[in-house]
Amino acid sequence: MHNENKKPTQLLELVTAITRGNIKVIDLTMTLDRKVPTIVLPPELGQSWPFRMEEISKYNEKGPATYWNNFSCGEHTGTHFDAPIHWISGKDLPNNSTDTIEPEKFIAHACVVDCCREAEKNPDYLLTIDDVCSWEKTYGKIPPRSWLLMRTDWSMKKTPEEYLNLDDEGAHTPGPHEELIPWLIDERDVIGFGCEDVGTDAGQASNFKTPMPCHHLMHGRGRFGLPALTNLDKLPAQGTVIITPPLKIRQGSGSPVRVLALIEE
Ligand code: MN
């Protein structure tokens, strides 16, 4: 157990560096309010609740000294964590839900691939193995157990309509190519995939040969998802540590999460 004589030097150095601003903390989280875009599924399927908040009291007759609220939303609302149990491919894995995932997996390194120019030209842009290999030529190989974060600046869209970008064919939002996902798992051993749009798969991914490959393959192999991130433009390509603990919901498939990134200045 704890050795009382041993000073926790590395942890003390970490908090000192944060206090001095040598390590900066970047918030990668959307603000939860009524305007936060909620995923829209075909009408025959079940639907996720949007974020709603109702005042309990605000220093008034319902509570003279207190301000607090009730809120409700689906597990997959705003910036959120996707656990392996979210997909049928991950339903029988051990430690596959928000309450059973090992806590050390909520702190990990992140690589950020900048696709914002491509996504601006083509909302259905798909990140390929070739793209990631050319990223690696500049920034180095993806270290094992890293997140691969796809920067598109999609989180800067002004309205929920632009953000969801729906038409008769469904959503048009960028995401990973179906061949990239097994490669990231088998060749780079990533811990998960994160992005700036409403889900980790591209808007048209239900039409792929393997439908919804980021969900199906990542969760089937015990990896995670982190959609609806913001501020990815503030991160370096390599060397970020991100902290991503979901709420400890029993058998939870995910939850809104406050994602913090630590970067060295
Ligand atoms: Mn989700």
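What you see is a predicted model; the values in this text were computed from it and never measured.

Structural notes on the pattern of salt bridges
Consideration 1: Going through the model one piece at a time under the given rule, you end up with nine salt bridges.
Consideration 2: A salt bridge links Arg151 to Asp114; the shortest N-O distance between them is 3.2 Å. On the criterion of sequence distance, the pair formed by Arg151 in strand β7 (residues 147-151) and Asp114 in strand β5 (residues 107-114) is long-range, its members being 37 residues apart.
Consideration 3: The class for Arg151 is buried, based on a relative accessible area of 16%.

Remarks on the environment of Asp186
Consideration 1: Structurally, Asp186 is set in helix α5 (residues 180-188).
Consideration 2: Engagement of the side chain of Asp186 in a polar contact is seen with the side chain of Arg221, the distance being 2.9 Å.

Quick look at the coordination of the manganese ion
Consideration 1: Around the manganese ion, the donor atoms from the protein are His76 (ND1), His80 (NE2) and Asp82 (OD), and they sit 2.1 to 2.3 Å away.
Consideration 2: His76 gets classed as buried once you look at its relative accessible area, which sits at 14%.
Consideration 3: The buried category is assigned to His80, whose relative accessible area is 3%.

Quick word on the nonpolar core
Consideration 1: Counting residues in hydrophobic clusters, the biggest one holds 23 residues, and the most contacted among them are Leu28, Phe81, Trp147, Leu149, Leu226, Leu235 and Ile242.
Consideration 2: Counting residues per element, the ones that place at least two in this core are β5, β7, β12 (224-226) and β15 (260-264).
Consideration 3: Counting residues per element, this core draws most heavily on β5, which supplies three residues.
Consideration 4: Once residues lying within four places of it in the same chain are set aside, the contact partners of Ile242 are Leu28, Phe106, Ile107, Ala108, Ala110, Trp147, Leu149, Leu226, Val259, Leu260 and Ala261.

Overview of the packing of aromatic side chains
Consideration 1: Scanning all chains against the criterion turns up seven aromatic pairs.
Consideration 2: Ring centres of Phe51 and Phe71 lie 5.7 Å apart, and the angle between their planes is 25°; on these two criteria the pair is classed as stacked. Taken together, the positions of Phe51 in the loop between β1 (23-27) and β2 (52-60) and Phe71 in strand β3 (residues 63-72) put the pair 20 residues apart, joining distant regions of the chain.
Consideration 3: With a centroid separation of 5.0 Å and 40° between ring planes, the pair formed by Phe81 and Phe224 is classed as tilted. Taken as a pair, Phe81 in strand β4 (residues 80-82) and Phe224 in strand β12 lie far apart in primary sequence, 143 residues in all.
Consideration 4: Through a chain of ring-to-ring contacts, three or more aromatic side chains come together here, namely Phe81, Phe106, Trp147 and Phe224.
Consideration 5: Positioned above the aromatic ring of Tyr67 is the side chain of Lys58, whose terminal nitrogen or guanidinium carbon lies 4.8 Å from the ring centre.

Conventions and cut-offs
Position numbers for residues start from 1 in each chain and track the written sequence from start to end. Local features in a predicted model are, by the rule used here, given only for residues with pLDDT of at least 70; side-chain atom pairs are given and counted only at 80 or more, and totals for whole chains, interfaces and linings are based on all residues. Side-chain descriptors were evaluated using all non-hydrogen atoms of the structure, hydrogens and water having been removed beforehand. Each reported salt bridge corresponds to a side-chain nitrogen of Lys or Arg within 4 Å of a carboxyl oxygen of Asp or Glu. Helix and strand definitions here come from DSSP, where helices need a minimum of 4 consecutive H or I residues and strands a minimum of 2 consecutive E residues; each element is numbered from the N-terminal end. Each residue is placed in one exposure class: buried if its accessible area under a 1.4 Å probe, protein chains only, is under 20% of its type's maximum, exposed if it is over 50%, and partly exposed if it falls in between. Definition of a polar contact: a pair of N or O atoms within 3.5 Å, with one able to donate and the other able to accept a hydrogen when the atoms are protein atoms, and with sequence-neighbouring residues admitted only if both atoms are side-chain atoms. Distances decide who is a donor: an N, O or S atom must be within 2.8 Å of the metal, or within 3.2 Å for Na, K and Ca. Water is not included, so sites may look incomplete. As used here, the term nonpolar core means buried Ala, Val, Leu, Ile, Met, Phe, Trp, Tyr and Cys residues forming a set that is joined through side-chain atoms within 4.5 Å. The contact criterion used is simple: two residues touch if any of their non-hydrogen atoms lie within 4.5 Å. Centres within 6.5 Å make a pair out of two Phe, Tyr or Trp rings, where for Trp the six-membered ring is used; the pair is then stacked when the planes are under 30 degrees apart, edge-to-face when over 60, and tilted otherwise. Definition used: whenever NZ (Lys) or CZ (Arg) falls within 6 Å of the ring centre and also within 35 degrees of the ring normal, the charge is taken to sit over that ring.

Everything listed is a geometric property; what it means functionally is a separate question.
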